[in-house]
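Letter by letter, the chains look like this.
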Amino acid sequence: MKKILFFITTLFAINFSQVPALATDFEMAEDEIDEDFMELFVESEEEFDLFGDAENANGTIYMEGSKLNGDIFQLSVFSQDLTAPTLGISFHLLYEKNKLAFLRYEPGEFLEKGGDPFYLVKNDVSSDKIIFGETLRRNDSFPVGSGKITDFYFQILDEDKFKFEFFNGSISTLDTVRQDLDNIFWQNFTFGEEVDSVDFAKASALKIGDFSFSNFWVVTIMLIASIPFSYLIISFIKKNSRLKKIHQIS
């Protein structure tokens, strides 16, 4: 019985010790930014298709969000199945400034697979958006596939439902010269509403071996519920053992 209670307590301790720390913002002088990096932030007049054909896309960019301790909200941006080597990633993230106040960002690990990327992140409060960009150097290795791009942290000002939208998204590769990848599926995200079971962003986030916060609570509840049952089994075994010994003695 004591071992079971100790195991549950250990699970709680592990869970609450994994709250991510906020990283220090990266800074870079303007003369250190090359032309390829600045091209990531050129305003495009063309709209990209947010809800195109996901099955035939050359990759997907999607978001997931969760509340942390207190009034902090974490929004994570992921790449999924990018088919070409990735030099740089940029986008505008539209958010509701009357509900959220941007605090800072934390780099992901996707482009870090290829080197030490440059970051440029600007919170444009007047336009209710964050301008995000990161790029590797020409002599770095360019990753493909899936991974976390970045985490954004906000302070919650009002309500529990938040809407986030991508705008001016660009995934760049390098084939002699820098060029943007076509047919990237950009998935918007709303936190706090019912999501259909076929929602692409949620489905693409499922990976074998992952252990989410919700899974933790499911396992914990199952363990707690099993305590009375385990106690009854142990008591039954002990009782029968005593009866058997009494019978043998007699």
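Here goes a summary of the coordinates provided. Small disclaimer: the values here were computed from a predicted structure and weren't measured.

This part is about the overall build of the chain. A count of helical and extended segments in the chain gives 4 helices and 11 strands. Per-residue burial over the chain gives 38% buried out of 250 residues. Long-range pairs, those at least 24 residues apart, make up 76% of the contacts in the chain with a sequence separation of at least 6. Here the chain has roughly 15,300 Å² of accessible surface; of this, 56% comes from carbon and sulfur atoms.

Ordered in space as β4-β7-β2-β1-β10, the 5 strands form an open sheet in which the pairing is mixed. In this open sheet, the two edge strands, each paired with only one partner strand, are β4 (100-107) and β10 (185-186).

A few words now on unusual backbone geometry. A positive phi angle, near 55°, is found at D128, a position not held by glycine. Among the secondary structure elements, D128 is positioned in the loop between β5 (118-124) and β6 (129-135). Of note in the backbone geometry, N168 takes a positive phi value of approximately 55° without being a glycine. Take N168: it is sitting in strand β8 (residues 162-175). When its relative accessible area of 8% is taken as the criterion, N168 is described as buried.

As a further point, take the environment of K148. Of note, K148 is situated in strand β7 (residues 145-156). Taking C-alpha positions, K148 is 4.9 Å from G108, a pair spaced 40 residues apart along the chain. Once you skip the residues sitting within four places of it in the chain, K148 turns out to touch Q74, S76, V77, F78, G108, E109 and F110. At 3.2 Å, the side chain of K148 forms a polar contact with the side chain of D151.

Bringing the packing of aromatic side chains into the picture now. Applying the stated rule across the entire model yields 18 aromatic pairs. Aromatic side chains F102 and F152 sit 6.1 Å apart centroid to centroid with 65° between the ring planes, which places their arrangement in the edge-to-face category. You can see F102 sitting in strand β4 and its partner F152 sitting in strand β7, a full 50 residues away along the chain. Judged by relative accessible area, F102 falls into the buried class, the value being 18%.

Grouped together as the largest cluster of nonpolar side chains are 35 residues, with contacts concentrated most on F152, F154 and F164. Of all the secondary-structure elements, those providing two or more residues to this core are β1 (60-67), β2 (72-82), β3 (88-94), β4, β6, β7, β8 and β11 (189-191). For F164, the residues in contact, after removing those within four places along its chain, are M63, F73, L75, L93, L94, Y95, L100, F154, N188 and F189.

Let's shift gears to the side chain of D151. Along the chain, D151 falls in strand β7. Side-chain polar atoms of D151 contact the side chain of Q74, separated by 3.2 Å. Each residue touching D151, except ones within four places of it in the same chain, is listed here: Q74, L75, S76, R104, Y105 and E106.

Mapped onto the fold, K99 is located in the loop between β3 and β4. K99 gets classed as buried once you look at its relative accessible area, which sits at 10%. Here E159 takes part through its side chain, which lies 3.1 Å from a polar atom of the side chain of K99. Those residues within four positions of K99 in sequence are excluded, and the remaining contacts are Q155, I156, L157, D158, E159, K161 and F162.

The rules we used
Residues numbered from 1 in each chain as written. Predicted model: local features only at pLDDT ≥ 70, side-chain atom pairs only at ≥ 80, totals over all residues. Heavy atoms only, no water. Helix = DSSP H or I, 4+ residues; strand = E, 2+ residues; numbered from the N terminus. Buried < 20%, exposed > 50% of the residue type's maximum accessible area, 1.4 Å probe, protein only. Contact = heavy atoms within 4.5 Å. Areas by Shrake-Rupley, 256 points an atom, 1.4 Å probe, with all protein chains shown as cover. Pairing = 2+ DSSP bridges. Polar contact = N/O pair within 3.5 Å; in protein donor to acceptor, adjacent residues only side chain to side chain. Phe/Tyr/Trp six-rings, centres within 6.5 Å; stacked < 30°, edge-to-face > 60°. Core = buried A, V, L, I, M, F, W, Y, C linked by side-chain atoms within 4.5 Å.

Functional significance is not addressed by these values, which are geometric in nature.
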